[in-house]
Amino acid sequence: MPTFGSLFAGIGGLDLGLERAGWTCRWQVEIDPFCRRVLAKHWPLVPRHGDVRSFPLADTERVDLICGGFPCQPVSVAGKRLAQADARWLWPEFSRIIRAVRPRLVLVENVPGLLDGGLGEVLGDLATDGYDATWRCLSAAQLGAPHERDRFFLLAAHPDAIDGDTWLGV
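Residues numbered from 1 in each chain as written. Predicted model: local features only at pLDDT ≥ 70, side-chain atom pairs only at ≥ 80, totals over all residues. Heavy atoms only, no water.

Now for the overall build of the protein chain. For the protein chain, the count of helices and strands is four helices and seven strands. Reading the protein chain from its N terminus to its C terminus gives the helix and strand order β-α-β-α-β-β-α-β-α-β-β. Computed over the C-alpha atoms, the radius of gyration of the protein chain is 15 Å, within 12% of the 15 Å expected from 2.2 N^0.38 for a compact globule of 170 residues. Structurally, the protein chain occupies a C-alpha span of about 40 × 35 × 35 Å along its principal axes. Counting over 170 residues, the protein chain shows a buried share of 43%. Long-range pairs, those at least 24 residues apart, make up 62% of the contacts in the protein chain between residues at least 6 apart in sequence. Element-wise, carbon and sulfur atoms account for 55% of the exposed surface of the protein chain, whose accessible area totals about 8900 Å². The averaged location of the 21 negative side-chain charges in the protein chain is 6 Å from the averaged location of its 18 positive side-chain charges. (Helix = DSSP H or I, 4+ residues; strand = E, 2+ residues; numbered from the N terminus. Rg over C-alpha atoms; globule rule 2.2 N^0.38 Å. Buried < 20%, exposed > 50% of the residue type's maximum accessible area, 1.4 Å probe, protein only. Contact = heavy atoms within 4.5 Å. Areas by Shrake-Rupley, 256 points an atom, 1.4 Å probe, with all protein chains shown as cover. Lys, Arg positive; Asp, Glu negative; His and termini not counted. Charge placed at Lys NZ, Arg CZ, Asp CG, Glu CD.)

Put into structure tokens, the structure is as follows:
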């Protein structure tokens, strides 16, 4: 069964989706205490860490996929759009953990504003580490929800780690 680690886990939306698709969560990182309590309720046996900036890489279990939605405020159209100049720009931490763990796959979720501010750095870091990426913006309404909520999704794969048709765990 394929495994994943969750960065910026929130209350576990990506985790739940991956779990329902047959993946097993091995660790979660979330700074918000309320969100960590929700995660603990739904994943009581999964180790959790509070801050991505101090996530202990030496003891981190290797996983097949790392997922996460790093803070969107630096690139959101609702904010100042400072991108890398914003202290909340935490993509470098996401990238640091990818580089250390070397998962086969990376799944990133964010706001469409990432396309205009920061995507170049994300793609550059992934390419430097040997990953190929594809991305798309999807609306909640496209998936049957009664509202628009556009989200950016990126899936990156390390070509050396792809095993035929089984690389998505199916």
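Right, let's talk about the nonpolar core for a bit. Within the largest apolar cluster, 29 residues are counted, with the highest numbers of intra-cluster contacts made by Leu7, Ile66, Phe70, Trp91, Phe94 and Leu126. Mapped onto this core, the elements with two or more residues apiece are strand E2 (24–29), helix H3 (91–101), strand E5 (105–110), helix H4 (119–128) and strand E7 (150–157). Counting residues per element, this core draws most heavily on H3, which supplies five residues. Residues in contact with Ile66, not counting those within four places in the same chain, are Gly5, Leu7, Trp27, Phe94, Ile97, Ile98, Val101, Pro103, Leu105, Val106 and Leu107. (Core = buried A, V, L, I, M, F, W, Y, C linked by side-chain atoms within 4.5 Å.)

Right, let's get into the pairing of strand E4 (residues 65–68). The two faces of E4 match: Leu65 and Cys67 on one face and Ile66 and Gly68 on the other face are all buried. In this sheet, E4 lies alongside strand E1 (residues 3–7) in parallel orientation, the contact comprising four bridges. Paired with Phe4 across the bridge in E4 is Leu65. Bridge count for E4 against E5 is four bridges, and the pairing is parallel. For Gly68, the partnering residue across the bridge sits in E5 and is Val108. Between the parallel pair E4 and E5, the chain is carried across by H3, and the sense of this crossover is right-handed. (Pairing = 2+ DSSP bridges. Right-handed = clockwise from strand over helix to strand, strands pointing away.)

This paragraph deals with the pairing of E5. Extensive coverage of E5 is indicated by the burial of six of its six residues. The alternating pattern of E5 places Leu105, Leu107 and Glu109 on one face and Val106, Val108 and Asn110 on the opposite face, and all of these are buried. Pairing analysis gives six bridges linking E5 to E7, with the strands arranged antiparallel. Within E7, the residue paired with Leu105 across the bridge is Ala157.

As a further point, take the pattern of salt bridges. For the structure on display, the rule yields six salt bridges. With a shortest N-O distance of 3.1 Å, Asp51 and Arg53 are connected by a salt bridge. A salt bridge links Arg151 to Glu109; its shortest N-O distance comes to 2.4 Å. Of this pair, Arg151 sits in strand E7 while Glu109 sits in strand E5, and the two are 42 residues apart along the sequence. When sorted by exposure, Arg151 lands in the same class as Glu109, which is buried. (Salt bridge = Lys/Arg side-chain N within 4 Å of Asp/Glu carboxyl O.)

Interpretation note: all reported values are geometric properties and have no functional meaning in isolation.
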